Structure formats: C-alpha cells, structure tokens
Amino acid sequence: MDAAAGPLVLARHELARGRPDRALAALNNVTGSEIECEEFWTLRASALYDLGHAKEAVEAAQKGLERDPGNFELLDMLAVARLASGRKKEARKTVDSALLLYPDSAVLHAHRALILAASAQRTFRVTSYKKARRAAEEALRLDPKCEAARRAQAQIAALAGDRNADTYAAELLASDPENEYAHVISGTARANRGDVGPALDHFLEAARLDPSDPHLAWLGRRSRVLQSKFAAPLLFMERVTRGHVRLGWIGVIVVARLAHQTVLSTAAFIFWAYMWAAHIYIERRTGKAPK
C-alpha cells in the first residue's frame, strides 16, 4: 500500500484485509468534501459493524443515505446493522424497501433470510423457518455462487436443526477453511446434533481467525471455559434438568437429612456448593450463565 494514499483508499484496504479498527482510524483523518461523499459513510458503517458497534453503524449508514438515498451498500448495511442491534422489525422494513430498488440482488435476499430467521424466534410460539428458507432459496436461485446466500442457507439449517446443516457447513469450510463464520455455523450445527466437543473446537477456531471481533472473542472465551473439566459436571446436569439443577438439588439435600443419611447429606451439600461455584466461575469468565 502506497504511503501517500488518501485515507479513503487506506480505509478500503484495511477493511479488505480484515482490520476494521485501522480502517476507522484512517477515516478519522478524512476532511473537507470527502466527509460528504457516500463512500466515507459506507466505509465507516462497515468498519463500525465489523467492530461490533451495531448502533453506531446504523447511525453512519443513515447519514450516508441522507446523501445518497438509493445507495445499495448503505441500504444493505443499514438492514444488517439494525438486525445486529436487535431492531428486527426495522431491519425487515429496510431490506424490503431495498428489494424494491434491487429485486434481483442475491445478497439482499440472503440478508432478508437471516432477518426472517431471527424474527421467527419468539417466546411461547412455535418457531418456523419456512419464510427464511424460501428467502435463502431465492437468493441461491438468483446467484448459486453467492457466498452470503450459501452462508444464510447453512445458518438457517443449523438454527432449525436441519439434517443438511452439516453438509452446508462443510461446503462453506471446503470453499474457505479460513472463514470464521463458516466455523461458527459448523459449530452450531454440531452443537445442535449433540457433538459438543467438536462444536467448541469450531467456535475456538472462529475466535482465533478473527480475534478483533468482540462476539467471536466472547465465543472463544466461553468455549475455553466450557471445555474445562471443572465445568463439565455442571454443564451435563444443567442440560439434563433444563437449568433447574441447583434449585432442585436442595430437595436432594433435604431428603438426605430427613432420612438421617449424614454421609449422603454431606456429599449432596458439597456437590451443591460446587455447582454454585462453577456457575459463578463460568458467568464471570464469559459474562453469561451456563446453559
């Protein structure tokens, strides 16, 4: 890269090589009329999104669209950033509006599939991924080689527990073994199938491939903790009892004491204390309670 290149050129280069932090630093040096161009806001939104700052990415995309309302990249980024920030309804409205302008875009249909998949996950309702699958199929029909479409197909299959999820994930990894998101999808598919060990290995590899991604970094930390022998008994009991083992174990302690089984009562209490210690350990190390 030419040292005399302008900040926009440097930002594009850093984004292409997976360094959104450096891209953002380069964009901080942009001055004058370049700040008013849509490319500046497209690059800024992409860098912020890649760094995990979804809300700021939404703001950057919106500012870019004020200058160029029909910009494809900005509309697409606004949709996925709104999804990442938890604004599913707004994300769907955005991608549907974009598809009115670009109805033959496989990328937009793929991202619409992911938005529909996220919207399908509702509490106290049966989850159906039919609409998401149809959107992914449409994306693949438009462009069978579209990476975003193939990734959406694999991700939805993994979420739905589809028996083809492993195949889709394997195809992604075969085409790009260094793709961190392919490892995440493959790990999800393995986890849903009950292959926890290989799933954690894929999550760790994803975190290794892109240590700058905060979500992948958290996934890597959590995977390392869950692979420890200290956490294994608790995780097994949590899965069997659907998260109620620590409370339910109190009943075991009470029954043992009422039966005057001193040794059993003591052992049950020690195991209960261990479960709480492991629970707190995992939550502090990963920022989330074990499941």
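Above this note sits the structure.
A short tour of the structure in this document, coming up. Within any chain, residue numbers begin from 1 and follow the written order of that chain's sequence. Given that this is a predicted model, residues contribute local features only at a pLDDT of at least 70 and side-chain atom pairs are listed and counted only at 80 or more, while totals for whole chains, interfaces and linings are drawn from all residues. By convention in this description, side-chain values take in all heavy atoms of the structure and omit both hydrogens and water.

1. Structural notes on the overall build of the protein
Next up, step 1: Each helix is a run of DSSP H or I of at least 4 residues and each strand a run of E of at least 2, with the numbering of both proceeding from the N terminus. Looking only at helices and strands, the protein has 16 helices and 0 strands in total.
Next up, step 2: Any two residues whose heavy atoms approach within 4.5 Å are treated as being in contact. In the protein, once contacts between residues fewer than 6 apart in sequence are set aside, the share between residues at least 24 apart is 52%.
Next up, step 3: Using a 1.4 Å probe, the Shrake-Rupley method yields the accessible areas, and only the shown protein chains count as cover for residues. For the protein, the exposed area adds up to about 16200 Å²; of that, 55% sits on carbon and sulfur atoms.

2. Details of the pattern of salt bridges
Next up, step 1: Salt bridges are identified by distance alone: a Lys or Arg side-chain nitrogen within 4 Å of an Asp or Glu carboxyl oxygen. Taken as a whole and judged by the stated rule, the model has 11 salt bridges.
Next up, step 2: The salt bridge partner of Arg87 is Glu90, with a shortest N-O separation of 2.7 Å.
Next up, step 3: Note that Arg141 is salt-bridged to Glu138, the shortest N-O span being 2.7 Å. Of this pair, Arg141 and Glu138 both sit in helix α8 (residues 130-142), 3 residues apart, which is roughly one turn of the helix.
Next up, step 4: Buried, partly exposed and exposed residues are distinguished by accessible area as a fraction of the type maximum, computed with a 1.4 Å probe on protein chains only: under 20%, between the cut-offs, and over 50%, respectively. Taking relative accessible area as the criterion, Glu138 reaches 24% and is therefore assigned partly exposed.
Next up, step 5: Salt bridges linked by common partners bring Arg82, Arg87 and Glu90 together as one network.

3. Remarks on helix α7 (residues 106-120)
Next up, step 1: Expected span of a helix: the number of residues minus one, times 1.5 Å. Here α7 spans 21 Å end to end across 15 residues, near enough to the 21 Å set by a 1.5 Å rise per residue.
Next up, step 2: Judged by how many residues are buried, α7 sits mostly within the fold: 12 of 15 residues are covered.
Next up, step 3: At its buried positions, α7 is contacted by α5 (72-84), α6 (88-101), α8 and α9 (147-160).

4. Details of the environment of Glu66
Next up, step 1: Relative to the helices and strands, Glu66 is located in helix α4 (residues 54-67).
Next up, step 2: In this structure the C-alpha to C-alpha distance between Glu66 and Glu36, which are 30 residues apart in sequence, comes to 9.9 Å.

5. Description of the nonpolar core
Next up, step 1: The set of buried Ala, Val, Leu, Ile, Met, Phe, Trp, Tyr and Cys residues whose side-chain atoms join them within 4.5 Å is what this entry labels a nonpolar core. Grouped together as the largest cluster of nonpolar side chains are 33 residues, with contacts concentrated most on Leu8, Ala11, Leu27, Phe40, Leu43, Ala61 and Met77.
Next up, step 2: Put simply, the parts of the chain that give this core at least two residues each are α1 (7-16), α2 (20-27), α3 (38-50), α4, α5, α6 and α7.
Next up, step 3: By residue number, the principal contributor to this core is α5, which donates 7 residues.
Next up, step 4: Beyond its immediate sequence surroundings of up to four residues, Leu43 is in contact with Leu8, Ala11, Arg12, Leu15 and Leu27.

6. Some details on the packing of aromatic side chains
Next up, step 1: Aromatic rings from Phe, Tyr and Trp, with only the six-membered ring used for Trp, were paired whenever their centres fell within 6.5 Å, and each pair was classed as stacked if the ring planes differed by under 30 degrees, edge-to-face if by over 60, and tilted otherwise. With the rule as written, the count across this model stands at 2 aromatic pairs.
Next up, step 2: When the ring of Phe40 is compared with that of Trp41, the centres are 4.9 Å apart and the planes differ by 85 degrees; the resulting orientation is edge-to-face.
Next up, step 3: Taking the relative accessible area as the measure of exposure, Phe40 reaches 6% and is therefore buried.
Next up, step 4: Centroid distance Phe72 to Tyr102: 5.2 Å. Interplanar angle 80 degrees. Geometry classified as edge-to-face. Placement of the pair is Phe72 in helix α5 and Tyr102 in the loop between α6 and α7, with a sequence separation of 30 residues.

7. Focus: the packing of α5 against α6
Next up, step 1: The angle between two axes is taken between their N-to-C directions and runs from 0 to 180 degrees, where each axis is a line fitted to C-alpha atoms and a helix contributes only its stretch in contact. Where α5 contacts α6, the two axes come as close as 7 Å, and the packing angle between them is 160 degrees. In terms of orientation, α5 lies roughly antiparallel with respect to α6. As α5 runs across α6, the sense of the crossing is left-handed. From α5, Leu75, Leu78, Ala79, Arg82 and Leu83 reach across to α6, where they touch Lys88, Glu90, Ala91, Thr94, Val95, Ala98 and Leu101.
Next up, step 2: Under the grouping applied here, Gly and all other residues not named as nonpolar or charged are polar, the nonpolar ones being Ala, Val, Leu, Ile, Met, Phe, Trp, Tyr, Cys and Pro and the charged ones Asp, Glu, Lys and Arg. For the contact of α5 with α6, the per-class residue count stands at 8 nonpolar, 1 polar and 3 charged. An angle below 35 degrees is read as roughly parallel, one above 145 as roughly antiparallel, one from 65 to 115 as roughly perpendicular, and any other as oblique. Working rule for handedness: look at the near helix, and if it is turned counterclockwise from the far one by less than a right angle, call the crossing left-handed; if clockwise, right-handed.

8. Remarks on the side chain of Thr42
Next up, step 1: Relative to the helices and strands, Thr42 is located in helix α3.
Next up, step 2: Judged by relative accessible area, which is 9%, Thr42 ranks as buried.
Next up, step 3: Discounting residues that sit within four places of it in the chain, Thr42 has contacts with Asn71, Glu73 and Leu74.

9. Some remarks on the side chain of Ser105
Next up, step 1: With respect to the helices and strands, Ser105 occurs in the loop between α6 and α7.
Next up, step 2: What makes Ser105 buried here is its relative accessible area of 11%.
Next up, step 3: Apart from the residues lying within four places of it in its own chain, the contact partners of Ser105 are Phe72, Leu99 and Leu142.

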